[in-house]
Amino acid sequence: MTIASIRPYGGTPKDTEDKFHGNRILYVGWDRHLMFYAPICFCIPPSMAFADFVAGPLAQAFGDHPQWAQIDWTKANWLRSNQPFSPDGAKSLHDNGLGHKEVLRLQTPDLQGIGGCAI
Amino acid sequence: MDMNAKKKLGLKEKYALMTRNLGWETTYEPMDKVFPQMDYEGIRIHDWDKWEDPFRLTMDAYWKYQAEKEKKLYAIIDAYAQNNGHLNVTDARYINALKIFLSAVPSLEYNAHRGFARLGREMRGVGPQVACQMQAIDEIRHAQTQIHSLSNYNKFYNGFHDWKHMNDRVWYLSVPKSFFEDACTCGPFEFIIAIGFSFEYVLTNLVFMPFISGAAYNGDLGAMTFGFSAQSDEARHMTLGLEVIKFMLEQDPANLPIIQRWIDKWTWRGVRLLTIVAMLMDYMLPKRVMSWKEAWEVYFEENGMALFNDLARYGIKVPDCAALIKKEKDHISHQAWNAFYTAGMITNFHTWLPSEDEMNWLSSKYPDSFDKYYRPRFEYYRQREKEGKRFYNKTLPMLCQVCQIPMLFTEGDDPTLISYRQIEHKGDKYHFCSDHCQHIFEHEPEKYVEAWLPAHQIYQGNCFAEGADPTAPGFDPLKSVLDYWHLDFGRDNLDFEGSEDQKNFAAWRQQATTN
Ligand SMILES: [Fe+2]
Ligand SMILES: [Fe+2]
C-alpha cells in the first residue's frame, strides 16, 4: 500500500549501511537468557572473523552471565533470521553471509538460564 | 434609547450564533481549496451539518470554566510548595514515577495541542472546528499545569532538570515521542481517530487512573490536583472522540474499512505505549492502586468491549490485537521493569528491586506468571546485589522499527522466548516486536523507514556531546552519550539504594517531623 500524503512521498531510510562508517549493524539475542532484556545491537566491521566477534564484543556483552563461561560451543546452535545457521568461525562476518541489520539467535539447549528459569 | 430592547439569548440560540453561524460557504475561493486536507485519506463526508455537537459550549463559557479551574489549581500548587508537600509522599521511590511522567507526558500534551490546533483549521465543519480548537487549548493547558506542578520537585530531586531536552534524545523517550509524531503526521481524520478516539476514548482511563489515583494514594497532592483539573477536560475529549467516529461512520459506508484499520493500528500503538504505565503501576508506586492486569480487565476487557459492542452496528470489530494483549497482560509490566532495572545506568530515574512484600503482592495479582517467571529473576538480582554485583546491562538494545520499544516482548504462548519478526523492504531488513507492529509498517513503509531509532543514531555518531571528538584518544562513548542527553551520571541514574534522592528525602523528612 502507499502512504496517505498530500504530495508524493518516498520515504528516506534512516539506517542504511552507508551511514555506519564502514560498520554493519548486527543484532544478537541469547535465547532463554532474559537477564538481557532484549537482543543486543552491535555495530561491527564486516571484516571481523566470526570467532573474534564471539570472543570479543559478544563475550563482553554476555560475559557477566554465569552461564556464558559454561557454554559448550559444540552443542550451541545459531539461528539467522529465525532459520538454522552454521557460521564458520574463521571466516569474516561478511563471508558468513551476515548483511547489514541481520539478526542472530544463540541457542544453548543445555543452558536454559539460571535455575532453568530463562534468566 | 431603550436599554432593554434585547432580551438575553437562550443557551441554544447563543450556541448556534456563536458556533455554527461562524461558518459560511466561501465564494472567492472554492471550499475544497479552503479545506485542502479533507480528501487525501479517502474519508468521505457528505453533510457536515449532520455533526451533533456533543457539548454545547461556547468560547465565553469555556474561558470562564477554565479560569475557575486554573485558580483552584494554582492555589493548591502554591500551598503545596510552601508546605514542602513533597515530603508527604509515601516514599522517595515514588518521585521516580514523576520523573518518567515529566519527561514523557507534557511533550505528548503539547503535541496533542499542535494536532488539534491543526484540526481546528482543517476540519471543514464548524462543529468539529470549535470542538478541536477547545481541545487544542485544553491540551496546552495540560502541558503547562504539569510542568508547573512538577517544577516543585526539580528544586529538591535529581533527574527533573531537562525534561524537554531529554524527551527529544534519551533512548526510551523516543517511544512516546515517535508515537505522537506518527499521529501528528497523519491526515486530520486519522489523527482524530488515533488521539480523539483510540487514545482518549478507549485507553485514557488506563493512563489517568494510575497517575491520579496513584498520586492520591501516595500523598502527592500536587500531581493529584493537576490530574483532576485535566480530568474534567478529558470527559469532553472522550465525548468528542466518540462523536467523531459515529459521524464518520454514518456519513459513508466506504469509510468503515479505513476507520477499522486506524482503530486496529492505534489501539495497538496505544497499548504498546502503555507498557510503561503498566510498569509504573506494578513497580513504581509504593502504595499500589490496582495491578495493570486488573486495570486492563476493567477498562478494556469490560468497558472497552461494551464500546465495541455499541459500534458493532456500524460494522466495527474489536481490534485483532486484543487477543495478543490478553496473553501479554500477565507479562508486560514485569518485562518492562526487568528492562529498566537492568538498564539502570542509562535511565534518567532510579530503579530498584521490589521488596519481599511487594513481590508477594505481585504473586497474588499475577498468580499465573509472577512466581514462575519473574520472582526468580528478581531473586537472582537480589543475590547479586548482596554480593556487591548489582547487574547493569551496558549494551544498546535492538528496537522495534514501529513502536521503538526494545525487543523485550515475548511470544504470546511462550514468555521465555523473545518475539522476533522481520521483513525485507527495498533491500533492507526491518525488525518488529510483533505481528501488529509489522502490519503497521507494511501498510506505510515510507513512513516508518524514517524512524529515528536511538541505538542506530548513537552508532551513526549523531548522539555525542557537543564538541566531542570520537577519534580522540581515551574517548568514552557511553559518557559522551550521557552528556548529550544531559544525564548526570551517579545522580540521575543507577539504583535508588544509595542515591542522593534517597538520602536527602530521609534527612529532610526527619527534619520536618522531629525537633
Ligand atoms: Fe491532555
Ligand atoms: Fe513494536
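This text follows the structure it describes.
Residues numbered from 1 in each chain as written. Chains lettered and ligands numbered in written order. Predicted model: local features only at pLDDT ≥ 70, side-chain atom pairs only at ≥ 80, totals over all residues. Heavy atoms only, no water.

## Section: the overall build of chain A
Then, number 1: Scanning chain A from N- to C-terminus turns up one helix and five strands.
Then, number 2: Its helices and strands taken in sequence order, chain A reads β-β-α-β-β-β from the N to the C terminus.
Then, number 3: Relative to its length of 119 residues, chain A is extended, with a C-alpha radius of gyration of 17 Å against a globular reference of 14 Å.
Then, number 4: For chain A, the C-alpha atoms occupy an extent of roughly 55 × 30 × 25 Å along the three principal directions.
Then, number 5: The 119 residues of chain A split such that 49% are buried. (Helix = DSSP H or I, 4+ residues; strand = E, 2+ residues; numbered from the N terminus. Rg over C-alpha atoms; globule rule 2.2 N^0.38 Å. Buried < 20%, exposed > 50% of the residue type's maximum accessible area, 1.4 Å probe, protein only.)

## Here's the deal with the overall build of chain B
Then, number 1: Within chain B, the secondary structure is distributed over 21 helices and four strands.
Then, number 2: For a compact globule of 515 residues, the expected C-alpha radius of gyration is about 24 Å, and chain B comes in at 24 Å, within 12% of that figure.
Then, number 3: With the principal axes as the frame, chain B shows a C-alpha extent of 85 × 65 × 50 Å.
Then, number 4: Counting the 515 residues in chain B, one finds 60% classified as buried.
Then, number 5: A separation threshold of at least 6 residues defines the contact pool for chain B, and within that pool the share at least 24 residues apart is 78%.
Then, number 6: Roughly 21,200 Å² of accessible area belongs to chain B as shown, and the carbon and sulfur atoms make up 53% of that amount. (Contact = heavy atoms within 4.5 Å. Areas by Shrake-Rupley, 256 points an atom, 1.4 Å probe, with all protein chains shown as cover.)

## Quick word on the coordination of the iron ion (ligand 2)
All names here are of chain B.
Then, number 1: In this structure, Cys 400 (SG), Cys 403 (SG), Cys 433 (SG) and Cys 437 (SG) serve as the protein donors to the iron ion (ligand 2), at separations of 2.3 to 2.4 Å.
Then, number 2: Around the iron ion (ligand 2) sit four donor atoms, and with donor-metal-donor angles ranging over 104 to 115° the site reads as tetrahedral.
Then, number 3: Each donor residue of the iron ion (ligand 2) belongs to the same chain, and together they define the spacing C-x2-C-x29-C-x3-C. Taken together, the residues span a long stretch of sequence, with Cys 400 in the loop between helix H16 (370–386) and strand S1 (410–411) and Cys 433 in the loop between strand S4 (428–432) and helix H17 (435–443) at a distance of 33 residues. Summarising the burial analysis for this pair, Cys 400 and Cys 433 share the class buried. (Donors = N, O, S within 2.8 Å, 3.2 Å for Na, K, Ca; no water. Tetrahedral: all angles 85-135°; square planar, octahedral: opposite > 155°, others 65-115°.)

## A few points about the packing of aromatic side chains
Then, number 1: Applying the stated criterion to the full structure yields 49 aromatic pairs over all chains.
Then, number 2: The interplanar angle of 25° and the centroid separation of 6.4 Å between the aromatic rings of Trp 30 of chain A and Phe 36 of chain A together place this pair among those described as stacked. The pair formed by Trp 30 of chain A and Phe 36 of chain A is uniform in burial state, with each residue classed as buried.
Then, number 3: Each residue in the set Trp 30, Phe 36, Phe 42, Phe 50, Phe 53, Phe 62, Trp 68, Trp 73, Trp 78 and Phe 85 of chain A together with Phe 391 of chain B is aromatic and connected to the rest through ring pairs, giving one cluster.
Then, number 4: Its end group placed over the ring of Tyr 484 of chain B, Arg 169 of chain B keeps NZ or CZ at 5.6 Å from the ring centre. (Phe/Tyr/Trp six-rings, centres within 6.5 Å; stacked < 30°, edge-to-face > 60°. Lys NZ or Arg CZ within 6 Å of the ring centre and 35° of its normal.)

## With respect to the interface of chain A and chain B
Then, number 1: Tallying the contact residues gives 46 residues for chain A and 50 residues for chain B.
Then, number 2: For the chain A and chain B pair, buried surface summed over both sides reaches about 4,500 Å², with 57% attributable to carbon and sulfur atoms.
Then, number 3: Contact with chain B buries area across many residues of chain A, yet Leu 34, Tyr 37 and Lys 101 of chain A alone supply 18% of it, more than any other trio.
Then, number 4: There are three salt bridges connecting chain A and chain B.
Then, number 5: A salt bridge links Arg 384 of chain B to Asp 64 of chain A, with the shortest nitrogen-to-oxygen separation between them at 3.0 Å.
Then, number 6: One can count 18 residue pairs in polar contact (both at pLDDT 80 or more) joining chain A with chain B.
Then, number 7: Those elements that place two or more of their residues in the side of chain A that touches chain B are strand S1 (24–30), strand S2 (40–44) and strand S5 (102–107) of chain A. (Buried area = accessible area lost by both parts, 1.4 Å probe. Salt bridge = Lys/Arg side-chain N within 4 Å of Asp/Glu carboxyl O. Polar contact = N/O pair within 3.5 Å; in protein donor to acceptor, adjacent residues only side chain to side chain.)

## Examining the coordination of the iron ion (ligand 1)
Residue and element names in this part refer to chain B.
Then, number 1: Distances from the iron ion (ligand 1) to its protein donors, Glu 109 (OE), Glu 139 (OE) and His 142 (ND1), fall within 2.1 to 2.2 Å.
Then, number 2: Mapped onto the sequence, the donors of the iron ion (ligand 1) take the spacing E-x29-E-x2-H. Of this pair, Glu 139 and His 142 both sit in helix H5 (residues 126–154), three residues apart, which is roughly one turn of the helix.

## Description of a nonpolar patch on the surface
Residues and elements named next belong to chain B.
Then, number 1: A cluster of nonpolar side chains, contributed by Leu 9, Leu 17 and Met 18, occupies part of the molecular surface with about 250 Å² of accessible area.
Then, number 2: Note on placement: Met 18 falls in helix H1 (residues 11–18).
Then, number 3: A relative accessible area of 36% places Met 18 in the partly exposed class. (Patch = residues over 30% accessible without salt bridge, like charges linked within 9 Å, V, L, I, M, F, W, Y side chains within 5 Å.)

## Notes on helix H12 (residues 292–311) of chain B
Then, number 1: Where H12 of chain B bends most, the angle comes to about 30°, and this point is Gly 304 of chain B.
Then, number 2: Turning to H12 of chain B, its buried residues are Trp 292, Lys 293, Ala 295, Trp 296, Tyr 299, Phe 300, Gly 304, Leu 307, Phe 308 and Leu 311 of chain B. (Bend = angle between axes of the 7 residues up to and from the residue.)

## So, the sheet that holds strand S4 (residues 83–85) of chain A
Residues and elements named next belong to chain A.
Then, number 1: Strand order in the open sheet formed by five strands is S2-S1-S5-S3-S4, and the pairing between neighbours is mixed. A single partner strand is all that each edge strand has here, and the edge strands are S2 and S4. In this sheet, adjacent strand axes meet at a mean angle of 35° when their direction is disregarded.
Then, number 2: On the sheet, helix H1 (residues 50–62) packs against S1, S2, strand S3 (77–80), S4 and S5 and is oriented at approximately 135° with respect to S2. (Pairing = 2+ DSSP bridges. Axes fitted to C-alpha atoms, helices over the stretch in contact; angles between N-to-C directions.)

## Some details on the pattern of salt bridges
Residue and element names in this part refer to chain B.
Then, number 1: By the definition in use, this model includes 46 salt bridges over all chains.
Then, number 2: Between Asp 47 and Lys 50 there is a salt bridge; the shortest N-O distance is 3.3 Å.
Then, number 3: A salt bridge links Glu 68 to Lys 71; the shortest N-O distance between them is 3.5 Å. Placement of both Glu 68 and Lys 71 in helix H3 (residues 59–82) is noted, with a separation of three residues, approximately one turn of the helix.
Then, number 4: Residue classification places Glu 68 among the partly exposed positions, given a relative accessible area of 42%.
Then, number 5: Lys 71 sits in the exposed class, given a relative accessible area of 58%.
Then, number 6: Overlapping salt bridges, with partners in common, bring together Lys 69, Glu 70, Asp 138, Arg 141, Asp 233 and Arg 236 in one network.

## Concerning the pairing of S3 of chain A
All names here are of chain A.
Then, number 1: Pairing geometry for S3 and S5, over four bridges, is antiparallel. Residue pairing across strands places Arg 80 opposite Leu 104, the latter belonging to S5.
Then, number 2: Pairing of S3 with S4 involves three bridges; the strand directions are antiparallel. Considered in S4, the bridge of Arg 80 is made with Gln 83.
Then, number 3: The hairpin formed by S3 and S4 contains two residues between the paired strands, and Ser 81 there has a positive phi angle of roughly 50°.

## Concerning the environment of Ile 405 of chain B
Then, number 1: Of note, Ile 405 of chain B is situated in the loop between H16 and S1.
Then, number 2: C-alpha separation for the pair Ile 405 of chain B and Val 175 of chain B, spaced 230 residues apart in sequence, amounts to 6.1 Å.

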